[in-house]
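Here is what each chain is made of, one letter per residue.
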Amino acid sequence: QNFKKGDGGLEYKIVKDAGAEKAKAGDLLSVDMIVKSDRKDSLLQSTYDIGLPQIVNIAPDSIPGLYAGDYNSMFKFLGEGDSAVFRLNLDTMAAKSGQPKPEFADKFVTFTIKVRKHFKKGNLTDSALYAQIDTYFKGEIEGLKKAEEGKLANYISDKKLEPKKTASGLQYVIAQEGKGNKPAVGDTVVVNYTGTLVSGTVFDTNNADVAKKNNKFNPMRQYEPIRFRVGHDPVIQGWTEGLQLLTKGSKATLLVPSNLGYGERGGGAIPPYAPLVFDVELVDIIPGPKTPATPVDSAAIKK
């Protein structure tokens, strides 16, 4: 409600005007942004899930395909400290761009934006401008590193968990005890799983219902238990260690610190220094030859 009308069908509502200089072509903005469609279960993207801002490059209007009221236009309303809500008209976008209207919305996509920092091009060379961005992001990532331990502790407290902890820092809670032996290096394990950030955001699962509920469903994927050979196939260290703690049929939650997961690099929807939560079920154990483990990249996980 109370949206103002702009060019090209763009609607906008300025939530906060900090009075700073507004962005213009050549500038970059560091923003927190939530993107939703006008349909039920409409969240499309949120930088808050990752914990890192998005860098937006303000392009000149002269670039082919851009028009008044498009995505690029939104950010010219904003400067450092500002926040606003925009509704991008998809009918106008399709007419102006000549591209079909996206299938994930009916008429509008809504952007809720808060500007953290404004990087002004001015007379700076591109290399000098992007050096500022690089320094800025190193600081943001260092902040994630410092916050990791607290995030995991808060998650455990909020969920009222009482995990056991191994020497490596892996924590785990067994919800259902299985029977028989535990897998060893060289065995093949068959696993159901759902992986989330401590925010609760699902980033991967082999459960089709969970994938659909969290807008992660891929119709090209086969949703079935995954298999990997312990100590040989490339999964994160937290899985290699954690699944060896379980017997066949066990269900457990693995609380994986980043040094046993995707580390300082992160990957895809997983930010740097992200503690991860995996709900796993050890469906089966297939005995294998007990050969020495193969070194694996802990930042790679078999999908």
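A.B. asks: How should the overall build of the protein chain be read in this particular structure?
C.D. replies: Across its full length, the protein chain holds six helices and 14 strands. By its C-alpha atoms, the protein chain is 65 × 40 × 35 Å across when sized along the principal axes. Across the protein chain, contacts joining residues at least 24 apart in sequence account for 69% of those joining residues at least 6 apart. In the form shown here, the protein chain has an accessible surface area of approximately 16,000 Å², with 51% of it arising from carbon and sulfur atoms.

A.B. asks: Explain the nonpolar core here, please?
C.D. replies: For soluble globular proteins, nonpolar side chains are generally found buried alongside one another. Residues Val-191, Trp-239, Leu-276, Phe-278 and Val-280 are the most contacted members of the largest nonpolar core, which totals 27 residues. Mapped onto this core, the elements with two or more residues apiece are β10 (188-197), β12 (226-229), α6 (237-243), β13 (251-256) and β14 (276-286). Looking at this core element by element, the count peaks at five residues for β14. Dropping the residues within four chain positions of it, Val-280 is found in contact with Val-191, Asn-192, Tyr-193, Leu-243, Leu-246, Ser-250, Lys-251, Ala-252 and Leu-254. Formed by 22 residues, the second largest nonpolar core is a distinct cluster that contains Leu-29, Ile-58, Tyr-67 and Phe-86.

A.B. asks: Which parts of the structure should I look at to understand the side chain of His-118?
C.D. replies: Among the secondary structure elements, His-118 is positioned in strand β7 (residues 108-119). The buried category is assigned to His-118, whose relative accessible area is 8%. Polar contacts involving the side chain of His-118 include one to the main-chain carbonyl oxygen of Glu-21, which spans 3.4 Å. Within the structure, the side chain of His-118 is placed 2.9 Å from the side chain of Asp-27, a separation counted as a polar contact. Residue contacts for His-118: discarding those within four places in its chain leaves Glu-21, Lys-22, Ala-23, Asp-27, Leu-28, Leu-29 and Glu-80.

A.B. asks: Quick question: what am I supposed to make of the pattern of salt bridges here?
C.D. replies: A side chain with one charge may pair with a side chain of the opposite charge, provided their charged atoms come close. Throughout the structure, instances matching the rule amount to 14 salt bridges. When the shortest N-O distance is used, the salt bridge between Glu-11 and Lys-5 registers 2.7 Å. Here Lys-5 falls in the exposed class, since its relative accessible area comes to 64%. With a shortest N-O distance of 2.6 Å, Lys-22 and Asp-82 are connected by a salt bridge. A residue pair is termed long-range when its members are at least 10 positions apart, and Lys-22 in the loop between β2 (11-16) and β3 (28-37) and Asp-82 in the loop between α2 (71-74) and β6 (83-89) qualify at 60 residues.

A.B. asks: I would appreciate a short explanation of the pairing of β2 in the present structure.
C.D. replies: The side chains of a regular strand alternate between both faces of the sheet. Bridge analysis of strand β1 (residues 4-5) against β2 gives two bridges, and the strand direction is antiparallel. Its bridge partner being in β2, Lys-5 is matched across the sheet by Glu-11. If you look at the hairpin formed by β1 and β2, you'll find five residues sitting between the two strands, and Gly-8 has a positive phi there, around 65°. In this structure, β2 lies alongside β6, joined through five bridges in antiparallel fashion. Counterpart to Tyr-12 in the pairing with β6 is Phe-86.

A.B. asks: Would you take a moment to explain the packing of aromatic side chains for this structure?
C.D. replies: Where two aromatic rings form a pair, the distance of their centres and the angle of their planes describe that pair. Enumeration according to the criterion identifies eleven aromatic pairs in this entry. Ring plane angle 40° and centroid distance 4.5 Å describe the contact between Tyr-12 and Phe-77, whose orientation is recorded as tilted. Of this pair, Tyr-12 sits in strand β2 while Phe-77 sits in the loop between α2 and β6, placing them 65 residues apart in sequence. Here the aromatic residues Tyr-193, Phe-203, Phe-228, Trp-239 and Phe-278 are joined through ring pairs into a cluster of three or more. Here the guanidinium or amino end of Lys-212 rests over the ring plane of Phe-217, the centre of that ring lying 4.9 Å away.

A.B. asks: Explanation requested: the confidence of the model for the protein chain in the structure shown.
C.D. replies: It should be kept in mind that the predicted coordinates are not to be read in detail where pLDDT is low. Looking at the protein chain as a whole, its pLDDT mean stands at 91, while 95% of the residues score no less than 70. For residues 297-303, every residue scores under 50 in pLDDT, and the model assigns this stretch 28 contacts once sequence neighbours within four places are set aside.

A.B. asks: Could you clarify how one ought to interpret the environment of Val-230 in this entry?
C.D. replies: Position of Val-230 relative to the elements: it lies in the loop between β12 and α6. Among the residues examined, Val-230 registers a relative accessible area of 1% and is labelled buried. In the structure, Val-230 is positioned 54 residues away from Gln-176 in sequence and 21 Å away in space, judged by C-alpha atoms. Contact partners of Val-230, with chain neighbours within four places excluded, come to Ala-184, Val-185, Gly-186, Asp-187, Val-189, Thr-240 and Gln-244.

A.B. asks: Looking at this structure, I do not really get the pairing of strand β9 (residues 171-176). What am I missing?
C.D. replies: Pairing geometry for strand β8 (residues 164-165) and β9, over two bridges, is antiparallel. Following the sheet pairing, Lys-165 is matched in β9 by Gln-171. Between β8 and β9, which pair antiparallel one after the other, the connecting turn spans five residues, and Gly-169 there sits at a positive phi close to 105°. Relative to β13, β9 runs antiparallel, the two sharing five bridges. Its bridge partner lying in β13, Ile-174 is registered against Ala-252.

Reading the values: rules and limits
Residues numbered from 1 in each chain as written. Predicted model: local features only at pLDDT ≥ 70, side-chain atom pairs only at ≥ 80, totals over all residues. Heavy atoms only, no water. Helix = DSSP H or I, 4+ residues; strand = E, 2+ residues; numbered from the N terminus. Contact = heavy atoms within 4.5 Å. Areas by Shrake-Rupley, 256 points an atom, 1.4 Å probe, with all protein chains shown as cover. Core = buried A, V, L, I, M, F, W, Y, C linked by side-chain atoms within 4.5 Å. Buried < 20%, exposed > 50% of the residue type's maximum accessible area, 1.4 Å probe, protein only. Polar contact = N/O pair within 3.5 Å; in protein donor to acceptor, adjacent residues only side chain to side chain. Salt bridge = Lys/Arg side-chain N within 4 Å of Asp/Glu carboxyl O. Pairing = 2+ DSSP bridges. Phe/Tyr/Trp six-rings, centres within 6.5 Å; stacked < 30°, edge-to-face > 60°. Lys NZ or Arg CZ within 6 Å of the ring centre and 35° of its normal. pLDDT = per-residue confidence, 0-100.

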